[in-house]
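# Remarks on the overall topology
Here is what each chain is made of, one letter per residue.
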Amino acid sequence: MARLMGKTCVVTGAAAGIGRETALAFLREGASVQALDHDARGLAQLQEQHPQLQVKALDVTDATAVTAFHAGLERLDVQVNCAGMVATGNLSACSMDDWRRSLDINMTSVYLMMGAALDLMLPLKSGSIVNIASVISSIGAAPDRFAYGATKAAVIGMTKSVARDYAHANIRCNAICPSAVETPSMTARIEAMADSEAARRAFNARQPLGRMGRPEEIAELAVYLASDLSGFMTGSQLVIDGGAKL
Ligand SMILES: NC(=O)c1ccc[n+]([C@@H]2O[C@H](COP(=O)([O-])OP(=O)(O)OC[C@H]3O[C@@H](n4cnc5c(N)ncnc54)[C@H](O)[C@@H]3O)[C@@H](O)[C@H]2O)c1
């Protein structure tokens, strides 16, 4: 069953991890997929392996580039805002640079991308926006994730606001809130720790299911939210965390 047949979809942060698997899952489900990332090399590798993907190197914090990109689209049915970054540290350790970069990449990008998407979705009176938030947000905390948690809470807030304001136009907006997912950036964070084996065990143990999530498992939820099967769902924050927040 091709659940996204005929849909034009945009996925940010598509060069790696959750965004990459989401772009590929959308492709398998019959969508026409635009994969965006500022990592041009990662995108080139992705397109070499999957020539049906359309890729575009773009910084999602650049308002001019975001507007120009959307101006070139004929239509837009689904947008997944996945690009993000993790600044580590508690409030005392959070520099202005970490704070501003976190706000720009995790929050302002979502504001810009959703604004541009709505301009295309409103005339269609239809659309689905999926924002990748986190359980580290308004849902809960983790050690040394001050700026990250603040920005992901804001993503949930923006999701609910857009869901409320654009439901009249049949535009849905939902947030996915994962706990630890084993992506290349997560692996790099673990391997950078002093005792990486102990750190990996601790990350796995945080989930009662005893392991981190897989990017494909998050992508599958994004497919559902992108598809018409979730047509009555908007403003939701879907926790997918192996039981971490039970
Ligand atoms: N991996 C996890 O454990 C986890 C858990 C909860 C939420 N998340 C969220 O899921 C999303 C994806 O995480 P991931 O682990 O797959 O991350 P990742 O670091 O592997 O991928 C993020 C992608 O975003 C891209 N990106 C960063 N800044 C950008 C910018 N300014 N413009 C365009 N692209 C940019 C990166 O190049 C990268 O390809 C993030 O928003 C992250 O916060 C991840």
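Residues numbered from 1 in each chain as written. Predicted model: local features only at pLDDT ≥ 70, side-chain atom pairs only at ≥ 80, totals over all residues. Heavy atoms only, no water.

## A word on the overall build of the chain
Scanning the chain from terminus to terminus reveals eight helices and seven strands. Against the globule reference of 18 Å for 246 residues, the chain gives a C-alpha radius of gyration of 17 Å, in line with a compact fold. If you line up the chain on its principal axes, its C-alpha atoms span 50 × 35 × 35 Å. Across the chain, the fraction of contacts at a sequence separation of at least 24, relative to all contacts at a separation of at least 6, is 69%. Of the roughly 11,500 Å² that the chain leaves accessible, carbon and sulfur atoms contribute 53%. Separation between the mean location of the 22 positive side-chain charges and that of the 24 negative ones in the chain comes to 4 Å. (Helix = DSSP H or I, 4+ residues; strand = E, 2+ residues; numbered from the N terminus. Rg over C-alpha atoms; globule rule 2.2 N^0.38 Å. Contact = heavy atoms within 4.5 Å. Areas by Shrake-Rupley, 256 points an atom, 1.4 Å probe, with all protein chains shown as cover. Lys, Arg positive; Asp, Glu negative; His and termini not counted. Charge placed at Lys NZ, Arg CZ, Asp CG, Glu CD.)

## So, the site of the ligand
Lining the immediate environment of the ligand, one finds 28 residues, of which D37, C82, Y148, V181 and T183 sit closest. A distance of 3.2 Å separates a nitrogen atom of the ligand from a polar atom in the backbone of H38. Within the complex, 91% of the 830 Å² of free accessible area of the ligand lies under protein. For the shell around the ligand, the secondary structure elements donating two or more residues are α1 (17-28), α5 (146-166) and α6 (184-191). Residues that form the shell around the ligand fall into these classes: 15 nonpolar, nine polar and four charged. Both domain 1 (8-178 + 215-239) and domain 2 (181-212) contribute no fewer than three residues apiece to the shell around the ligand. (Near = heavy atom within 4 Å. Polar contact = N/O pair within 3.5 Å; in protein donor to acceptor, adjacent residues only side chain to side chain. Nonpolar A, V, L, I, M, F, W, Y, C, P; charged D, E, K, R; others polar. Domains from an automatic or database assignment.)

## A short note on the nonpolar core
Counting 33 residues, the largest nonpolar core has V10, L76, M114 and I129 as its most contacted members. The set of elements that each furnish at least two residues to this core consists of α3 (63-71), α4 (96-124), α5 and β6 (171-178). Considering every element that reaches this core, the biggest residue donor is α4, with nine residues. Contact partners of I129, with chain neighbours within four places excluded, come to Q79, N81, M114, A117, L118, M121, V162, R172, C173 and N174. Formed by 32 residues, the second largest nonpolar core is a distinct cluster that contains A35, V80, I132 and A222. (Core = buried A, V, L, I, M, F, W, Y, C linked by side-chain atoms within 4.5 Å. Buried < 20%, exposed > 50% of the residue type's maximum accessible area, 1.4 Å probe, protein only.)

## Points about the domain arrangement of the chain
When the parts of a complex come together, some accessible area is lost, and that lost area is often taken as the interface size. Each domain of the chain was delimited in the assignment, giving domain 1 (8-178 + 215-239) and domain 2 (181-212). Using only C-alpha atoms to locate each centre, domain 1 and domain 2 end up separated by 24 Å. In this assembly, eight residues from domain 1 lie in contact with six residues from domain 2. Carbon and sulfur atoms make up 66% of the area that domain 1 and domain 2 hide from each other, which totals about 600 Å². In terms of surface lost to domain 2, no three residues of domain 1 exceed V86, P215 and E217, which account for 44% of the buried area on that side. (Buried area = accessible area lost by both parts, 1.4 Å probe.)

## Looking at the pairing of strand β4 (residues 78-81)
Residues of β4 alternate between two faces, with V78 and V80 on one and Q79 and N81 on the opposite face, all of them buried. Across four bridges, the pairing between β4 and strand β5 (residues 127-132) is parallel. Following the sheet pairing, V78 is matched in β5 by S128. (Pairing = 2+ DSSP bridges.)

## A closer look at unusual backbone geometry
Even without being glycine, D144 reaches a positive phi, approximately 60°. Among the structural elements, D144 can be located in the loop between β5 and α5. Of note, N170 is a non-glycine position whose phi angle comes to about 60°, a positive value. Secondary-structure assignment places N170 in the loop between α5 and β6. A relative accessible area of 45% means that N170 is categorised as partly exposed.

## With respect to the state of the cysteines
Applying the stated rule across the entire model yields zero disulfides. The thiol of C82 is not disulfide-bonded; the next cysteine sulfur, from C177, is found 13 Å away. Not engaged in a disulfide, the cysteine C173 finds its nearest cysteine sulfur in C177; these two sulfurs lie 12 Å apart. (Disulfide = S-S within 2.5 Å.)

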